[in-house]
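What follows is the residue order along each chain.
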Amino acid sequence: MTKGRVLLRGVMKSFGAVDVIKGVDLEIAPGELTVFVGPSGCGKSTLLRLVSGLELPTGGSIMIGDRDVTCVHPSERGIAMVFQSYALYPHMSVAENMGFGLKIAGLPKAVIKEKVAKAAEILQLTPLLDRKPRALSGGQRQRVAIGRCIVREPEVFLFDEPLSNLDAALRGQMRVEIARLHAKLGATMIYVTHDQVEAMTLATRIVVLNAGRIEQIGAPIELYRHPANLFVAGFIGSPRMNFMDGIVEAAEADAVHVRLNAATLRLPRHEGDVKPGAKVTVGIRPEHFRVGSAVDAGDDQAVEFDSVIDLVERLGGETLAHLRMPSLSDGVLVVKISGDIPLRIGTGLRVGVRLAQCHLFDADGRAVGASAARVAAVAA
Amino acid sequence: MSLMPTPRRDIAWIGRANALVRYGVLIGVGLIMLYPLFWMVAASFKPNHEIFGSVSLWPRDPTMDGVVKGWRTGTEYSFATYLLNSFAFIIPKVVLTVVSSVLVAYGFARFRMPGKQLWFALMVATILLPKSVLLIPQYLMFREFGWLDTYLPLYIPCAFATDGFFVFMVVQFLRGIPPDMEEAAVIDGCNSLQVLWHVVVPVIMPAIISVALFQFMWSLNDFLYPLIYLSSVGKYPVALALKMAIDVTEATAWNEVLAMSTIALLPSLIVFFLAQKYFVEGITSGSVKG
Ligand SMILES: Nc1ncnc2c1ncn2[C@@H]1O[C@H](COP(=O)(O)OP(=O)(O)OP(=O)(O)O)[C@@H](O)[C@H]1O
Ligand SMILES: [Mg+2]
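Residues numbered from 1 in each chain as written. Chains lettered and ligands numbered in written order. Predicted model: local features only at pLDDT ≥ 70, side-chain atom pairs only at ≥ 80, totals over all residues. Heavy atoms only, no water.

## Observations regarding the overall build of chain B
Put simply, the rule reads: Per the convention used, a helix needs a DSSP run of H or I reaching at least four residues, while a strand needs a run of E reaching at least two, with both numbered from the N terminus. Taken over C-alpha atoms, the radius of gyration is set against a globule rule of 2.2 Å times the number of residues to the power 0.38. For every residue, the accessible area (1.4 Å probe, protein chains only) is compared with the maximum for its type, and the residue is labelled buried under 20%, exposed over 50%, or partly exposed between those bounds. Contacts are assigned to residue pairs that have any heavy atoms within 4.5 Å of one another. In short, Shrake-Rupley with a 1.4 Å probe defines the accessible areas, and a residue's cover is counted only from the protein chains shown. Asp and Glu count as negative and Lys and Arg as positive, but His and the ends of the chain are not part of the count. One atom stands in for each charge, and that atom is NZ of Lys, CZ of Arg, CG of Asp or CD of Glu.
A count of helices and strands for chain B gives 14 helices and zero strands. Mapped from its N terminus to its C terminus, chain B presents α and β elements in the order α-α-α-α-α-α-α-α-α-α-α-α-α-α. Radius of gyration (C-alpha) of chain B: 25 Å, far over the 19 Å computed for a compact globule of 290 residues. A principal-axis box enclosing the C-alpha atoms of chain B has dimensions of 90 × 70 × 30 Å. Taking all 290 residues of chain B together, 39% fall into the buried category. Considering only intrachain contacts with a sequence separation of at least 6, the fraction spanning at least 24 residues in chain B is 71%. With an accessible surface of roughly 16800 Å², chain B has 72% of that area assigned to carbon and sulfur atoms. Taking the average location of the 19 positive side-chain charges in chain B and that of its 17 negative ones, the two points are 10 Å from each other.

## Let's talk about the side chain of A:H182
Residue and element names in this part refer to chain A. The condition is simple: Whenever two N or O atoms come within 3.5 Å, that pair is a polar contact, provided that in protein one can donate a hydrogen and the other can accept it, and provided that, for residues adjacent in sequence, both atoms are side-chain atoms.
If you trace the backbone, H182 turns up in helix α5 (residues 168-185). A distance of 3.4 Å separates a polar side-chain atom of H182 from the backbone oxygen of A187. Beyond its immediate chain neighbours, meaning those up to four positions away, H182 contacts G31, E32, L33, A187, M189 and T204.

## Quick word on the interface of chain A and chain B
Worth spelling out the cut-off: Once two parts are put together, the accessible area they lose, assessed with a 1.4 Å probe and summed over both, is termed the buried area. Between Lys or Arg on one side and Asp or Glu on the other, a salt bridge is scored when a side-chain nitrogen of the former is within 4 Å of a carboxyl oxygen of the latter.
Each side of the interface is counted separately: chain A has 28 residues, and chain B has 25 residues. Roughly 2200 Å² is buried in total at the junction of chain A and chain B, and carbon and sulfur atoms are behind 60% of that figure. Among the residues chain A hides against chain B, the three largest losses belong to A:P90, A:I104 and A:R134. Together they make up 23% of the total. At the junction of chain A and chain B, the tally comes to two salt bridges.

## A look at the packing of aromatic side chains
Residues and elements named next belong to chain B. Applicable threshold: Pairing of aromatic rings covers Phe, Tyr and the six-membered ring of Trp, with a centre-to-centre limit of 6.5 Å; geometry is then stacked below 30 degrees between planes, edge-to-face above 60, and tilted otherwise.
Applying the stated criterion to the full structure yields 24 aromatic pairs over all chains. A ring pair is formed by F165 and W218, whose centres lie 6.0 Å apart and whose planes are at 45°; its orientation type is tilted. Of the two residues, F165 is situated in helix α8 (residues 164-175) and W218 in helix α11 (residues 205-221); the sequence distance between them amounts to 53 residues. With a relative accessible area of 44%, W218 lands in the partly exposed category.

## Focus on the sheet that holds strand β18 (residues 332-338) of chain A
Strand pairing within a sheet occurs via backbone hydrogen bonds; the two strands may be parallel or antiparallel. All names here are of chain A. So the rule is basically this: Paired strands are those between which DSSP finds at least two bridges. The axes are straight lines fitted to the C-alpha atoms, using for helices just the contacting stretch, and the angles between their N-to-C directions are given from 0 to 180°.
The antiparallel open sheet is built from five strands, whose spatial order is β15-β19-β16-β17-β18. Of all strands in the sheet, those with a lone pairing partner are β15 (289-291) and β18, marking the two edges. Neighbouring strand axes in the sheet, compared pairwise and without regard to direction, differ in orientation by 50° on average. Of the pairings in the sheet, the one linking strand β17 (residues 318-324) to β18 comprises seven bridges and is antiparallel in character.

## Description of the confidence of the model for chain A
Residues and elements named next belong to chain A. Note the cut-off: Values of pLDDT, ranging from 0 to 100, describe the predictor's confidence in every residue of the model.
Taken residue by residue, chain A gives an average pLDDT of 89. The fraction at 70 or more is 93%. The secondary structure element of chain A with the lowest average pLDDT is helix α9 (residues 372-379), at 41, and the one with the highest is strand β3 (residues 33-37), at 96. Contacts from residues 371-380, a stretch scored under 50 in pLDDT, to residues over four places away or in other chains number eight contacts.

## Looking at the pairing of strand β9 (residues 205-210) of chain A
All names here are of chain A. Direction of pairing for β3 relative to β9: parallel, over a ladder of four bridges. In the strand pairing of β9, V35 is matched with I206. Joining the antiparallel neighbours β9 and strand β10 (residues 213-218) is a turn of two residues, in which A211 adopts a positive phi near 50°.

## A word on the site of ligand 1
All names here are of chain A. Formally: Each residue is tested against the molecule or strand, and it is near if at least one of its non-hydrogen atoms lies within 4 Å.
Taken together, F15, V20, S40, G41, C42, G43, K44, S45, T46, E161 and H194 form the complete shell of residues around ligand 1. In this structure, G41 approaches ligand 1 through a main-chain N or O atom, which is 2.8 Å from an oxygen atom. One of the backbone N or O atoms of C42 is found 3.3 Å from an oxygen atom in ligand 1. Protein coverage of the free-state accessible area of ligand 1, which is 630 Å², stands at 58%.

## A short note on the domain arrangement of chain B
Residues and elements named next belong to chain B. Defined as follows: Domain delimitation in this document rests on an assignment produced automatically or drawn from a domain database.
For chain B, the assigned domains read domain 1 (8-70) and domain 2 (75-287). One C-alpha centre belongs to domain 1, the other to domain 2; they are set 32 Å apart. Opposite the 15 residues of domain 1 that make contact, domain 2 presents 13 residues. Among the residues of domain 1 in contact with domain 2, M40, N48 and G70 are the three that bury the most area, contributing 41% of the side total.

## With respect to the sheet that holds strand β1 (residues 6-15) of chain A
All names here are of chain A. With respect to topology, four strands assemble into an open sheet ordered β2-β1-β4-β5, the strand pairing being antiparallel. Every interior strand has two partners, whereas the edge strands, β2 (18-28) and β5 (67-68), have only one. Examined bridge by bridge, β1 and strand β4 (residues 59-64) share five bridges and lie antiparallel to one another. Residue M12 lies in a different strand from β4, and its bridge partner there is G59. Running over the sheet, helix α1 (residues 44-52) touches β1, β2 and β4 and is turned about 120° from β1.

## With respect to the pairing of strand β8 (residues 188-192) of chain A
Residues and elements named next belong to chain A. Our working rule: The handedness of a crossover follows from its direction of travel: if, with the strands pointing away from the viewer, the path from the first strand over the helix to the second runs clockwise, the crossover is right-handed.
Counting buried residues in β8 gives five out of five residues, a clear majority hidden from the surface. Residues T188, I190 and V192 point to one face of β8 and M189 and Y191 to the other, with burial holding for every one of them. For β3 and β8, the ladder comprises four bridges, and the chain directions are parallel. Each bridged residue has a counterpart across the sheet, and for L33 the counterpart in β8 is M189. Pairing analysis gives five bridges linking strand β7 (residues 156-160) to β8, with the strands arranged parallel. Bridge pairing links D160 to V192 in β8. For the handedness criterion, the β-α-β arrangement of β7, α5 and β8 is classed as right-handed.

## Observations concerning the domain arrangement of chain A
All names here are of chain A. The condition that has to hold: Each residue receives one of three labels: charged for Asp, Glu, Lys and Arg, nonpolar for Ala, Val, Leu, Ile, Met, Phe, Trp, Tyr, Cys and Pro, and polar for the others, Gly being one of them.
You can read the domains of chain A as domain 1 (6-232) and domain 2 (239-368). Taking only C-alpha atoms into account, the centre of domain 1 sits 38 Å from that of domain 2. Between domain 1 and domain 2, the buried area comes to about 670 Å², and carbon and sulfur atoms account for 58% of it. Taken as a group, Y224, P227 and L230 account for 77% of the area that domain 1 buries against domain 2, more than any other trio of residues on that side. At the boundary of domain 1 and domain 2, one finds zero salt bridges. Counting across the domain 1 and domain 2 interface gives four residue pairs in polar contact (both at pLDDT 80 or more). Counting residues per element, the side of domain 1 that touches domain 2 draws most heavily on helix α7 (residues 220-225), which supplies three residues. In the side of domain 1 that touches domain 2, the residues fall into five nonpolar, one polar and one charged.

## Description of the packing of helix α4 (residues 79-110) of chain B against α8(B)
Residue and element names in this part refer to chain B. Operational definition: We call two directions roughly parallel when the angle between them is under 35 degrees, roughly antiparallel when it is over 145, roughly perpendicular when it lies between 65 and 115, and oblique otherwise. The sense of a crossing depends on the near helix, which, turned anticlockwise from the far helix by less than a right angle, makes the crossing left-handed and, turned clockwise, makes it right-handed.
Running from N to C, α4 and α8 cross one another at 50°; their axes reach a closest spacing of 8 Å. Comparing their axes, α8 and α4 come out oblique. When the axes of α4 and α8 are compared, the crossing they make is right-handed. The residues of α8 that touch α4, namely those facing T97, S101, V104, A105, Y106, F108, A109 and R110, are F166, V167, V170, V171 and L174.

Okay, structure coming up:
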């Protein structure tokens, strides 16, 4: 069964002299919800539009299901798309908006009506069917846009930042609805977003894009735990990972000694192919610091350092402390502490680091010590 | 006891005085601009001698004489013939203009084609071309076609989007509309013409109405082209008929002329007020992010 599978092989896209997508290989299994993330302008929308057929690739091939659809008209690819701007037809009622594709396909009125009614029920749009889009709220409009897709019963749903025009509360609610919809329909979905939370919570797999190339593909937790390179490490996770420059002092079979500003960390590695003297970057997520006595006394893998508080951001449920830790780095490190802890700017704070949770990257930005087998599986 | 009342009453008073001055000036200037129009309407109901003999706007001896005689006109045809003649070429002209301008503008606004910039610049340049430059070559051409003394030269050119201004207007309007809706329609299975018909046309309806309205009013007022191409009085449109009323009789019956001018104004006025709501109503609101 390959219905709903999407396969990209060496897909490239240039606009004139500008290469936007520089060779993307990707296989999306049927029923997966794949999320494209990446910085603005990296080509997420372009890649999605290539799948939809609104843009034609300048190289490579695209398959949906068993068919090569590289040059097939968008309406015949078995896809449906939700646009960031909703893109509803302003002069048509909700029912007409949802049934428009079927009407163009020449289906009888009764069939259209039935399918629209069914989709409207799934999305709780039934009382709104006669309204025009301008008489709907943002969330309702987005549901109509999704309804327009459901009605077409596509193999693949495409979403281009569908929630970015909604306010925070509604976004959370719609996110849950999309997750529910995915579970209910079991269809393949490709979802573009800027939002970390959307990506982490919705995705079966996340594809991290940067400048037209795939940086890493993997399950959300995998990307979080084992970023394959500096880019992914910095991109996944919020606030972003702290990076510290260091030099390898010694490499043992199961650990690497890295000299930071004034301290040397012994980082446990399964495999370390770094030579003494090599420049490396150590990454620590803000949430992986431990403050004060919270450091496990029995944990011999933890090291403590002194710091001075530079700035405090209190979010209620958690506190972000910007710290100066001269022994680790010249810059400011961000530490996330759960709970609302009273911290005073300018005072000292003792902070612990669990060495097993430190990430290590070589001079080219590739992760050191992530198991080689995993890296290979991820890149394929 | 509150501290607020005194200043608040002051502010309200200043606001009201402000509005009074503003509306006073607006209404005053508006009346000055409309005065000739009122005068014309009023003069339609005056006897001829009173038109130049009195400054009063209100007729001293109101009479329907001007209207009745004017309608009959000094020719063998009644004014109704001339009105119908006008519509006989204006309606096809408006329809052809709308269809061709929208098609061409859609092409310019949404499709990639070689040398698009150049073609667009050329089209805009034709707007700047004085009409009189084309008069003689066009006349010779239509004479060769054997179209003289027919309405064809008046509206057939419009089938080819020759009014660059209208094309330009629609292109500008389209540029302000995000193409997402059209892309959604493509995914829904429309070809380009279906996208145009089902999505673009309804969305740019305000622009289309403006084009139709401008073309209607300008054509109704057009004097030169009918004068050049039409020779039989039985085919004259309103603009020529009015002119005829002035020179056929030695002593012009001004009340008749003005009465007919007033009637000639009515179609434009009616059409304008019927279409007005489309100018006001933002038909695209609510389609894309709100
Ligand atoms: N039609 C086009 N012509 C020329 N360049 C384009 C076109 N469409 C996109 N680009 C360029 O391609 C690059 C990628 O654009 P794309 O819209 O895919 O980015 P994105 O990742 O979706 O960004 P965002 O997160 O801001 O939506 C950008 O640099 C953009 O300027
Ligand atoms: Mg985008």
